[in-house]
Amino acid sequence: MPAPDATRSGKNNDVPVINTWWHYWVMKPQNWWLPLLLVMLTGLGSLLFVGSHTYLDAPPRVDFVTPAGEIKVSESAIVRGQRVFLKSALMDYGSMFGDGAGRGPDFTADALHLVAQAMNDFYLSRQAAGPYQKQAVAVQVQQELKENRYEEHTNSVWLTEGQSVAVDRLRVHYRDWMRVQVAPIIPAVARLSDAELSDLSDFFFWGAWVCVTKRPGYEYSYTNNWPFDELAGNEAPQQVMLWSLVAILGLFLGLGAVLFLHGRFAQLAGWKGKVKNTPYLAHANLDSFSPSAVQRATYKYFVVAGILFLLQVLAGVMTVHNFLGLNTLFGINLSEYFSLVAARGWHLQLALLWIAACWIGGSIFVVSTLTENAPQGQLKAVNRLFWLLVIMVVGNLTGVLLGPLGTLGGWWNLFGNQGWEFVEMGRFWQGLLMIIFILWGRILWRAIKPVWRRQRPWALPNWLLYSVVAVTLLFISGFVASPDTNFAIADFWRWAVVHMWVEAFFEVFATILVAYIMYLMGFISQQGAARIVYIATLLFLGSGLLGLSHNFYWNAKPVATLAVGSVFSTLQVVPLLLLTLEAWQFRKLPAQSLARAGVAPQAMAQKFTQSSAFLFLLGVNFWNFMGAGVFGFLINLPIVNYYEHGTYLTVNHGHAAFMGVYGNLSLAVLIFCSRYLVSTDRWCDKRFKQIFWSLNIGLSLMLVLDLFPVGFHQLSLVMEKGFWYARAEHYIQGE
């Protein structure tokens, strides 16, 4: 169907062009496919570009050759060292290229500084002391580090004499340091042989080389001169500041456009509008409500989610105790059985698992309201999916625990801990999770199929199905990399899973769940809810798919990612700001809806039976703005991220955004569904409100008293002394 003319005849002939187009694309669902398709194609095209150049421009793994022509560090040793790094789950202790945990050092920054220091010491020891010798040697070392002596035809790099000496010192340092400092925290490290520790050191040396040597054809390194280290000659290049300024300009232009549209059309696309036909759950009498068999079957998902949430908190407590060296209980060294990397691996995996359990159970519950009779075999499918989820959870947690201990031997990658932060689960359990996603989508399709209409492809239940399909397809990214894949390439696929989920499709899924719950509460029509989801999808995918590139600033990705990531990651603030603008209207929805139904103000509290779930949804609005918006924007500008990357400001943003948004949403879903599954006489809204305030005040205190001030202090130290110093053991331990 052709687009309408800019003006119309009759009384509407003065309607502005923007009015006409807005009504055409926003008010007519049959036309939504084109904007969505354009956003998806643009985002996927950008990812294909970045992905292809990640392979083409990845820093090579090479043989490092001494001036005498001997291979000092072999390519195979680098690959073996990476396997040791992953097998020992050291990414849940320290980090590479700033990605990983913050308890230990960043091994690339640490190795780079040690190499520079060793080279300075070596050259100074060969020269007579003089007033200018130290400065001359420092310049010589920086020049040698920056010069790229890579020969493509032999896949080798020529080392200088100073670099050759630094390799030996690095091996001695990491052998002794791992055995003395790390082994008490991660006992499995004590079992590594001298040869394995030597390979591990060579892997770190390669990472340092990637960070400092010039990328061919450019005046900065593969990592855009990250990390900051004056001794090694690493300083922020010009394009970091340039693209930061462009990002700020793009943010203000984007905000201006979106705020204009919001002011002009908020009545059409916000949490407003009358509801003509309320859904059954909106006015169901809880005393007489009888959940279906499928709805009752979802209750065990919420029970398991609650157990997993408590386990995640326990794992977090264990991580902190291990962090402080408090590993002994009744004379038993718990780290021998539950090490720091296992505790942190559990903490990260359980975050995904308990939220997934809530979302799976909640989505099945809400779509079961579409028809009175469930499809044949639906109950068995829901129960089968549950037990598969339980098996996967138990197997995954067992593997994350046993893998770093060496218990699984050569099977560590298949059944144990893959070693990638956030993607720790073994390949077998990863495959089982993929099956769970597929079965989840099938269950939703079976529930939606009886009411499916081709003329209404954007109905609210359909959005749930589309989102689950997208999450499932995206999970394929997690199967691409192997332990031997070039780290820079493997990290691309890791982030494709982690942040494509979190910053794109998880945001969309979260919006769908919120809109669906609002519809089931009777606060908004299904058409209005679908329109909100549509606009949110455009905004989240439009900024999130391209904004993913901000994770690639410093981990040896193509130069263009700095430009793309800076602009679009900054624009991710825009949809979050819109949610904040709508927060006040959102807060008033229960009172407005009950008033339209003729409920007296003094009776509203008694009539509104979902006050606890709604309170958690208000929490989602707050943390969307503060955790994802404010704290996210704070660290996303390239010039800030250059110094901040890998500090506790990142941890601050992660906890505020993930627990604040997805945690509150998941608990809202759990409470909303459970309200219809638990008898009224056993329900206590007061207790849930206490839980809400306890969790959110506790989260706020953790940020305000710990993560944010520590991260800010770390940032100041990075700018003053270098990233290596802000992640050194003596600083982390407060010595």
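What counts, and where the lines are drawn
- Residues numbered from 1 in each chain as written.
- Predicted model: local features only at pLDDT ≥ 70, side-chain atom pairs only at ≥ 80, totals over all residues.
- Heavy atoms only, no water.
- Helix = DSSP H or I, 4+ residues; strand = E, 2+ residues; numbered from the N terminus.
- Buried < 20%, exposed > 50% of the residue type's maximum accessible area, 1.4 Å probe, protein only.
- Contact = heavy atoms within 4.5 Å.
- Areas by Shrake-Rupley, 256 points an atom, 1.4 Å probe, with all protein chains shown as cover.
- Salt bridge = Lys/Arg side-chain N within 4 Å of Asp/Glu carboxyl O.
- Pairing = 2+ DSSP bridges.
- Axes fitted to C-alpha atoms, helices over the stretch in contact; angles between N-to-C directions.
- Lys, Arg positive; Asp, Glu negative; His and termini not counted.
- Polar contact = N/O pair within 3.5 Å; in protein donor to acceptor, adjacent residues only side chain to side chain.
- pLDDT = per-residue confidence, 0-100.

Engineer: Now, about the overall build of the chain: what can you tell me, with residues and values included?
Structural biologist: From N to C terminus, the chain includes 27 helices and 10 strands. Residues classed as buried in the chain amount to 58% of the 735 residues present. Counting only contacts in the chain whose residues sit at least 6 apart along the sequence, the fraction spanning at least 24 positions is 76%. Element-wise, carbon and sulfur atoms account for 64% of the exposed surface of the chain, whose accessible area totals about 30,200 Å².

Engineer: Which residues make up the pattern of salt bridges, and what values go with them?
Structural biologist: Under the defined criterion, the tally for this structure stands at 18 salt bridges. Across the pair R344 and E421 runs a salt bridge whose closest N-O atoms are separated by 2.8 Å. Of the two residues, R344 is situated in helix α11 (residues 340–367) and E421 in the loop between β9 (417–420) and β10 (423–425); the sequence distance between them amounts to 77 residues. The pair formed by R344 and E421 is uniform in burial state, with each residue classed as buried. Each of D92, D99, R344, E421, D491 and R494 takes part in one network of salt bridges that share partners.

Engineer: I'd like to hear about the sheet that holds strand β2 (residues 71–73), residue by residue, with values.
Structural biologist: Strands sit in the order β2-β1-β6-β5 across an open sheet of four strands; the sheet is mixed. Because the sheet does not close on itself, it has two edges, and the strands there are β2 and β5 (150–151). Inspection of the sheet shows β5 paired to strand β6 (residues 156–158) by two bridges, in the antiparallel sense. Residue Y150 lies in a different strand from β6, and its bridge partner there is V157. Each of β2 and β6 is contacted by helix α6 (residues 161–182), which is oriented at about 45° to β2, the strand it contacts most.

Engineer: Account for the side chain of E644, with residues named and values stated.
Structural biologist: Note on placement: E644 falls in helix α23 (residues 638–644). Although E644 is buried, it forms no salt bridge, and the closest oppositely charged side chain is R727 at an N-O distance of 9.3 Å. A polar contact is formed between the side chain of E644 and the side chain of N641, at a distance of 3.2 Å. If near-sequence neighbours (up to four positions away) are discounted, E644 is found in contact with I635, L649, T650 and L715.

Engineer: Before we move on, can you summarise the side chain of Q349 with the specific residues and values?
Structural biologist: With respect to the helices, strands and loops of the structure, Q349 is situated in helix α11. According to the relative accessible area criterion, Q349 is buried, its value standing at 1%.

Engineer: Break down unusual backbone geometry for me, with residues and values.
Structural biologist: Note on backbone geometry: most residues besides glycine have negative phi, and most peptide bonds are trans. Geometrically, the link from W226 to P227 is a cis peptide bond, its omega value of 5° lying close to zero. Positionally, P227 belongs in the loop between α7 (194–212) and α8 (238–269). The backbone of F97 shows a phi angle near 55°, a positive value even though the residue is not glycine. Mapped onto the elements, F97 comes out in the loop between β3 (95–96) and β4 (99–100). Even without being a glycine, N224 presents a positive backbone phi close to 55°. Among the structural elements, N224 can be located in the loop between α7 and α8. Taking the relative accessible area as the measure of exposure, N224 reaches 2% and is therefore buried.

Engineer: A description of the confidence of the model for the chain should follow, citing residues and the corresponding values.
Structural biologist: Per-residue confidence for the chain gives a mean pLDDT of 87, with 88% of residues at or over 70. Note that pLDDT drops below 50 for residues 1–15; the model gives that stretch 17 contacts with residues more than four away or on any other chain.

Engineer: Residues and numbers for the environment of N551, please.
Structural biologist: Here N551 shows up in the loop between α17 (526–547) and α18 (560–571). C-alpha of N551 to C-alpha of T561: the two residues are 10 residues apart in sequence and 9.0 Å apart in space. Apart from residues lying up to four places away in sequence, N551 is in contact with W495 and H499.

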